Amino acid sequence: MESGDEEACGLGVRPVEVTCGSGPGAERISAWGTDGAGPGFTSVSLATADGERQLALAFNVFDLGANLRKQRPVPYTEALGRAQAAALCDWTGGRSASGRREAPPPR
């Protein structure tokens, strides 16, 4: 967890907005999340604000050398956003949680 120019430790749970769908009218839902990492792994945990849906991911990607050089230690990927939307957004019947008809996130 970062705090200004210094790193800080703590529970690390923070509010997160997850985008359900694509485009300017895409629904955004509120969630609570935390993440963590160490040499060789990264983890992300999220839950919707009402606690109905949760997601916990752990993956074996973390570049300690890049982290020590103050560079991004995990490669950028859209897969995390798609996993978040698939787990936390209601895609049942092709409708988002608000009832709007939407396509699922791209694969």
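This section reports on the structure supplied with the text. (Residues numbered from 1 in each chain as written. Predicted model: local features only at pLDDT ≥ 70, side-chain atom pairs only at ≥ 80, totals over all residues. Heavy atoms only, no water.)

The subject of this paragraph is the overall build of the protein. When its secondary structure is counted, the protein shows two helices and six strands. The secondary structure elements of the protein, listed N-terminal to C-terminal, are β-β-β-β-β-β-α-α. By residue count, 25% of the 107 residues in the protein fall in the buried class. Of all intrachain contacts in the protein linking residues separated by at least 6 positions in sequence, the fraction that spans at least 24 positions is 30%. Within the structure as shown, the protein displays about 7400 Å² of accessible surface, and the carbon and sulfur contribution to it stands at 52%. (Helix = DSSP H or I, 4+ residues; strand = E, 2+ residues; numbered from the N terminus. Buried < 20%, exposed > 50% of the residue type's maximum accessible area, 1.4 Å probe, protein only. Contact = heavy atoms within 4.5 Å. Areas by Shrake-Rupley, 256 points an atom, 1.4 Å probe, with all protein chains shown as cover.)

This brings us to the side chain of Thr-48. The topology assignment puts Thr-48 in strand β5 (residues 41–48). A relative accessible area of 8% places Thr-48 in the buried class. Setting aside chain neighbours within four positions, we find Thr-48 in contact with Ile-29, Ser-30, Ala-31, Arg-53 and Leu-88.

Turning to the pattern of salt bridges, a few remarks are in order. Evaluated as defined, the whole model comprises three salt bridges. Close ionic contact of Arg-14 with Asp-35 constitutes a salt bridge, the shortest N to O distance being 3.4 Å. Here Asp-35 lies in strand β4 (residues 27–38) and Arg-14 lies in strand β3 (residues 14–20), a separation of 21 residues in the sequence. Given a relative accessible area of 48%, Asp-35 falls into the partly exposed group. In this structure, Glu-78 engages Arg-82 in a salt bridge whose closest nitrogen and oxygen atoms are separated by 3.9 Å. (Salt bridge = Lys/Arg side-chain N within 4 Å of Asp/Glu carboxyl O.)

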